[in-house]
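Residues per chain are reported as follows:
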There are 2 protein chains.
Amino acid sequence: MSEGQATALPPPNERPTLKTIAFMTGLGITTVSRALKDAPDISAETKERVRLVARQIGYQPNRAGVRLRTGKTNVISLILSLEEEIMGLSSPMVIGISEILATTQYHLVVTPYRAQGNALDPVRYVLETGAADGVIISRTEPKDPRVALMMERNFPFATHGRTEMGLTHPYHDFDNERFAYEAVRKLVERGRKRLVLLQPPPYLTFYLHMRAGFEKGIRDFGATALPFSQVNLDTSLVDIRKAAETMLDGPDAPDGIVSGSGSGAVALVAALEASGRKLGHDVDLVSKESHMLLQWLRPEVVTMREDIRLAGRELAKAVIARIEGKPPAELQTLSYPIPTE
Amino acid sequence: MSEGQATALPPPNERPTLKTIAFMTGLGITTVSRALKDAPDISAETKERVRLVARQIGYQPNRAGVRLRTGKTNVISLILSLEEEIMGLSSPMVIGISEILATTQYHLVVTPYRAQGNALDPVRYVLETGAADGVIISRTEPKDPRVALMMERNFPFATHGRTEMGLTHPYHDFDNERFAYEAVRKLVERGRKRLVLLQPPPYLTFYLHMRAGFEKGIRDFGATALPFSQVNLDTSLVDIRKAAETMLDGPDAPDGIVSGSGSGAVALVAALEASGRKLGHDVDLVSKESHMLLQWLRPEVVTMREDIRLAGRELAKAVIARIEGKPPAELQTLSYPIPTE
DNA sequence: CTGTGAAACTGTAACGATACAGGTCTTTTG
DNA sequence: CAAAAGACCTGTATCGTTACAGTTTCACAG
């Protein structure tokens with residue numbers, strides 16, 4: 001063949017490709033490709049010309065082509081557990097992530113998984129099929145096999161929640177220790193002494209944090225911790241309510257409660273009121289809260305906000321930075337409880 | 001070349017491809033490809049052999065390869081408005097969709113858009129770049145430009161909500177007319193006569209439905225409709241509360257309210273109680289509700305559930321069926337208010 | 001006037017899959 | 001027994017992009 005690529009074929013009238021631009025500019029496909037990525041061996045004038053035409057005809061690189069050739073998917077995979085979905089945490093999270101991704105070439109693929117035991121499956125899927133350039137996971141455990149796996153494969157990811165394996169990886173976390181500590185302080189300030197914690201499921205890392213903050217608060221502010229571990233934040237609201245009612249009828253009834261989630265607090269409020277207690281009078285409740293419902297319907301509940309949308313933004317920024325090679329140690333952020341008054 | 005494809009190259013030790021299977025079975029790549037799609041010109045024995053090897057080595061087709069060659073993306077795009085996200089509707093929706101997609105080869109890509117005016121942008125993006133095989137949209141308008149565009153291009157989609165353009169397309173919708181009608185009935189049964197509706201924004205199709213049901217109820221059950229259109233379900237809760245307080249102080253104060261959403265109802269409850277009224281005594285409130293919180297904290301509010309997760313499932317099934325060529329007329333479903341007692 | 005080197009551009013092959021147009025055999029048909 | 005008709009398998013080209021290894025041109029040194 002003596003003819004160049006550029007004149008090889010008038011491109012069809014479909015979606016423009018590099019070939020289209022090559023034809024229009026009279027350049028080779030390779031040149032166009034390199035011009036668009038600002039390669040050093042293309043003249044400034046050519047680059048300008050190519051960019052102009054590309055913009056003019058609305059060229060957008062074919063993702064499948066890029067992906068096939070380079071392996072780059074331009075996809076971030078958000079791996080969610082249905083528990084989160086049900087707690088309504090995922091919605092603002094998705095917004096937050098999207099806010100960041102919208103300014104980039106990345107798409108967001110959402111992959112939920114069912115039971116707790118399957119948490120590894122979606123991660124393995126991404127690793128094996130190269131379905132994404134980066135992954136966001138949440139509900140981390142102290143020894144999290146997903147983290148171990150992705151670290152071992154040197155695959156970019158960020159976690160919502162910390163781990164305790166001595167591995168340095170990107171994360172964003174809410175300071176649950178601080179939350180519980182401040183919650184205890186607020187209760188003691190209101191004269192409460194006999195406290196319980198509606199805590200996260202024990203296998204998750206933030207259980208340790210929240211527990212630690214709670215117990216430190218108990219010590220520092222001189223209160224008593226009562227047991228309440230038959231249920232946790234993953235338990236159904238109905239069961240939380242039942243367990244709370246049983247507790248409130250028993251000898252170890254608390255006068256102050258810390259709830260690790262807003263929906264848990266709703267169940268607790270129901271139980272408290274069913275037992276004839278009056279919030280803010282006989283008993284106080286401090287709760288983490290992500291929507292505003294509690295504040296409206298039970299302003300007596302003391303709430304501290306966790307900004308999940310912010311978490312989404314931070315996590316998205318972190319994975320992308322990780323993909324771009326930034327060291328994990330620089331991609332660890334913490335957010336703090338926001339008082340709602 | 002006298003050598004066949006099969007013996008061309010021992011495949012590398014990476015992820016298996018058709019070439020890997022071809023090498024292992026001694027067949028040609030084409031044969032393997034056709035065997036896996038159960039083509040008629042491959043012998044039963046060969047197919048079995050190929051399938052066995054494929055399963056054994058965990059072959060999964062490279063999505064980029066398929067997509068580049070065939071244009072099939074195996075992606076469903078969920079296009080969300082941030083309003084929905086904020087109302088928390090998207091979370092169960094995503095679960096529902098995922099439940100269905102998990103049984104297929106489809107991935108779910110979530111694309112939110114910002115303001116109302118940009119609703120068309122993500123749809124255009126998908127159409128122009130072929131980013132997905134099908135689209136799910138919500139918040140439909142009577143004359144919805146997104147629907148018109150996708151119909152014109154004959155692109156598979158399903159809508160959450162109906163349209164009124166004389167175009168037959170797949171949809172799933174909640175029967176908001178029935179909801180409002182039954183809500184009025186319940187209020188009148190409780191002796192309420194002067195009613196208002198916290199309604200959807202007027203440009204959405206379900207405004208028409210809810211309004212129609214409300215007004216029919218007013219006529220059929222002999223009540224009076226009072227105006228309350230300064231705010232709607234998209235208004236911030238703070239503003240809804242303010243508007244409700246103003247209304248309750250005025251001469252046109254209602255004794256019964258229908259709320260088109262659970263979060264709207266929270267603002268209304270706050271306003272009612274601020275005005276010194278007692279729910280179920282001075283005034284009654286019937287609300288649609290998707291989470292269970294209202295029921296717990298204000299059991300006096302009469303609620304009817306809308307199952308968003310079901311909607312997600314129906315919509316996913318509908319797009320996929322549409323992609324597979326099923327006629328749109330057979331892909332229209334309605335769900336009905338679920339009494340919560 | 002040849003040789004060298006830099007600047008600017010380009011062709012080829014390949015990523016993995018599939019559409020299409022052949023190939024080989026073997027079996028059937030007249 | 002030649003020809004036609006299956007049955008079954010396979011090579012080539014291609015989707016859009018990029019890595020890589022050139023090629024062309026021109027200025028300038030020797």
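Residues numbered from 1 in each chain as written. Chains lettered and ligands numbered in written order. Predicted model: local features only at pLDDT ≥ 70, side-chain atom pairs only at ≥ 80, totals over all residues. Heavy atoms only, no water.

Comments concerning the environment of B:Arg298
One can find B:Arg298 in the loop between helix H13 (293–297) and strand S10 (302–305). On the accessibility criterion, B:Arg298 (8% relative accessible area) is buried. Sequence spacing of B:Arg298 and B:Val266 is 32 residues, and the spatial spacing of their C-alpha atoms is 9.2 Å. When neighbours within four sequence positions are excluded, B:Arg298 is seen to be in contact with A:Leu297, A:Arg298, B:Val269, B:Glu273 and B:Leu279. (Helix = DSSP H or I, 4+ residues; strand = E, 2+ residues; numbered from the N terminus. Buried < 20%, exposed > 50% of the residue type's maximum accessible area, 1.4 Å probe, protein only. Contact = heavy atoms within 4.5 Å.)

A few points about the sheet that holds strand S10 (residues 302–305) of chain A
Residues and elements named next belong to chain A. Pairing within the open sheet is mixed, and its 6 strands lie in the order S7-S6-S8-S9-S10-S12. Only two strands of the sheet have a single partner each, and these edge strands are strand S7 (224–225) and strand S12 (338–339). As paired elements, S10 and S12 share 2 bridges and run antiparallel to each other. Of the residues in S12, the one forming a bridge with Met304 is Pro339. Across the face of the sheet, helix H12 (residues 262–274) comes into contact with strand S6 (194–198), strand S8 (256–259) and strand S9 (284–289) while running at roughly 160° to S9. (Pairing = 2+ DSSP bridges. Axes fitted to C-alpha atoms, helices over the stretch in contact; angles between N-to-C directions.)

As for the relation of the copies chain B and chain A
At an RMSD of 0.1 Å, chain B and chain A line up after a rotation of 180° and a shift of 0.0 Å along the axis. Expressed as an axis order, the relation between the two copies is that of a two-fold axis. (Least-squares fit on C-alpha atoms with pLDDT ≥ 70 in both.)

Let's talk about helix H14 (residues 308–323) of chain A
Three- or four-residue spacings in an α-helix give side chains the same orientation, since the helix completes a turn every 3.6 residues. Counted at 1.5 Å a residue, the expected span for H14(A) with its 16 residues is 22 Å, and the 22 Å between its end C-alpha atoms agrees. Residues of H14(A) that are buried make contact with strand S1 (75–81), helix H6 (90–101), strand S3 (134–138), strand S4 (157–160), strand S5 (171–174) and strand S11 (332–335) of chain A. (Expected span 1.5 Å × (residues − 1).)

Section: unusual backbone geometry
With a phi angle near 55°, A:Asn154 is a residue other than glycine that sits in the positive phi range. A positive phi angle is found at B:Arg139, which is not glycine, with a value near 55°. Relative to the elements of secondary structure, B:Arg139 occurs in the loop between strand S3 (134–138) and helix H8 (145–152).

With respect to the pattern of salt bridges
Under the defined criterion, the tally for this structure stands at 42 salt bridges over all chains. Where B:Lys47 meets B:Asp38, a salt bridge forms, and the shortest distance between an N and an O atom there is 3.0 Å. B:Lys47 sits in the buried class, given a relative accessible area of 10%. Here the salt bridges share partners, and the residues they tie into one network are A:Glu99, A:Arg309 and A:Arg313. (Salt bridge = Lys/Arg side-chain N within 4 Å of Asp/Glu carboxyl O.)

Observations regarding the UniProt feature "domain: HTH lacI-type" (unreviewed entry) in chain A
Here the UniProt-annotated "domain: HTH lacI-type" (unreviewed entry) positions come out as residues 16–70 of chain A. The annotated region residues 16–70 of chain A carries 69% helix and 0% strand content, and the separation between its end C-alpha atoms amounts to 20 Å. (UniProt positions renumbered as here; feature names shortened; annotations may be inferred.)

Let's talk about the interface of chain B and chain A
Many structure descriptions define interface size as the accessible area lost when the parts assemble. With 41 residues of chain B in contact, the opposing surface of chain A contributes 41 residues. Ranking the residues of chain B by area buried against chain A places B:Leu293, B:Trp296 and B:Leu297 at the top, with a combined share of 19%. Across the chain B-chain A interface, the total number found is 0 salt bridges. Linking chain B to chain A there are 8 residue pairs in polar contact (both at pLDDT 80 or more). Those elements that place two or more of their residues in the side of chain B that touches chain A are helix H4 (63–70), helix H5 (82–87), helix H6 (90–101), strand S2 (107–113), helix H7 (120–129), helix H11 (237–249), helix H12 (262–274) and H13 of chain B. Looking at the side of chain B that touches chain A residue by residue, the classes come out as 22 nonpolar, 10 polar and 9 charged. (Buried area = accessible area lost by both parts, 1.4 Å probe. Polar contact = N/O pair within 3.5 Å; in protein donor to acceptor, adjacent residues only side chain to side chain. Nonpolar A, V, L, I, M, F, W, Y, C, P; charged D, E, K, R; others polar.)

Notes on the packing of helix H4 (residues 63–70) of chain A against H4(B)
One can describe the packing of H4(A) onto H4(B) by two numbers: an axis separation of 8 Å at closest approach and a directional angle of 140°. Classed by the angle they form, the pair H4(A) and H4(B) counts as oblique. Handedness of the crossing formed by H4(A) with H4(B): left-handed. Between H4(A), through A:Arg63, A:Ala64, A:Gly65, A:Arg67 and A:Leu68, and H4(B), the contact on the second element is made entirely by B:Arg63, B:Ala64, B:Gly65, B:Arg67 and B:Leu68. Each residue belonging to the contact of H4(A) with H4(B) can be placed in one class, and the counts come to 4 nonpolar, 2 polar and 4 charged. (Parallel < 35°, antiparallel > 145°, perpendicular 65-115°, else oblique. Left-handed = near helix turned anticlockwise from the far one by under 90°.)

Comments concerning the packing of aromatic side chains
All names here are of chain B. Per the stated rule, a full pass over the model turns up 4 aromatic pairs over all chains. Aromatic side chains Phe174 and Phe179 sit 6.4 Å apart centroid to centroid with 50° between the ring planes, which places their arrangement in the tilted category. Across this residue pair, the class does not change: Phe174 and Phe179 are buried. Here the aromatic rings of Tyr181 and Phe221 are separated by 4.9 Å at their centres, their planes lie at 45°, and the arrangement is tilted. Taken as a pair, Tyr181 in helix H9 (residues 176–189) and Phe221 in helix H10 (residues 205–221) lie far apart in primary sequence, 40 residues in all. (Phe/Tyr/Trp six-rings, centres within 6.5 Å; stacked < 30°, edge-to-face > 60°.)

Concerning the environment of B:Ala311
Residues and elements named next belong to chain B. Mapped onto the fold, Ala311 is located in helix H14 (residues 308–323). In the structure, Ala311 is positioned 22 residues away from Thr333 in sequence and 9.2 Å away in space, judged by C-alpha atoms. Dropping the residues within four chain positions of it, Ala311 is found in contact with His160 and His172.

Some remarks on the sheet that holds strand S6 (residues 194–198) of chain B
Residue and element names in this part refer to chain B. Here 6 strands make up an open sheet; going across it, the order is S7-S6-S8-S9-S10-S12 and the pairing mixed. The sheet terminates laterally at strand S7 (224–225) and strand S12 (338–339), the two strands that pair on one side only. Examined bridge by bridge, S6 and strand S8 (residues 256–259) share 4 bridges and lie parallel to one another. From the neighbouring strand, Leu195 faces S8, where its bridge partner is Gly256. Of the strands in this sheet, S6, S7, S8 and strand S9 (284–289) are in contact with H10, which crosses S6 at around 170°.

Overview of H12(B)
With 13 residues, H12(B) should reach 18 Å at 1.5 Å per residue; the first-to-last C-alpha distance of 18 Å fits that figure. When you tally the buried positions in H12(B), you get 11 out of 13 residues, the bulk of the element. Considering only its buried residues, H12(B) is in contact with helix H13 (293–297) of chain A together with S6, H11, S8, S9 and H13 of chain B. Just downstream of H12(B) lies B:Gly276, where phi reads positive at about 85°.

So, the pairing of strand S2 (residues 107–113) of chain A
Residues and elements named next belong to chain A. Counting buried residues in S2 gives 6 out of 7 residues, a clear majority hidden from the surface. In the sheet, S1 pairs with S2 via 7 bridges, with the strands oriented parallel. Its bridge partner being in S2, Leu78 is matched across the sheet by Val110.

Some details on the nonpolar core
With 56 residues, the main nonpolar core has A:Phe228, A:Leu268, A:Leu285, B:Phe228, B:Leu268 and B:Leu285 as its most contacted residues. Looking at this core, the elements that each hand over two or more residues are S6, helix H11 (237–249), H12 and H13 of chain A together with S6, H11, H12 and H13 of chain B. Each residue touching B:Phe228, except ones within four places of it in the same chain, is listed here: B:Val196, B:Leu197, B:Leu198, B:Gln199, B:Ala243, B:Ala244, B:Met247 and B:Leu268. In terms of nonpolar packing, the next biggest core, distinct from the first, is built from 42 residues, B:Ile100, B:Leu101, B:Tyr106 and B:Ala318 among them. (Core = buried A, V, L, I, M, F, W, Y, C linked by side-chain atoms within 4.5 Å.)

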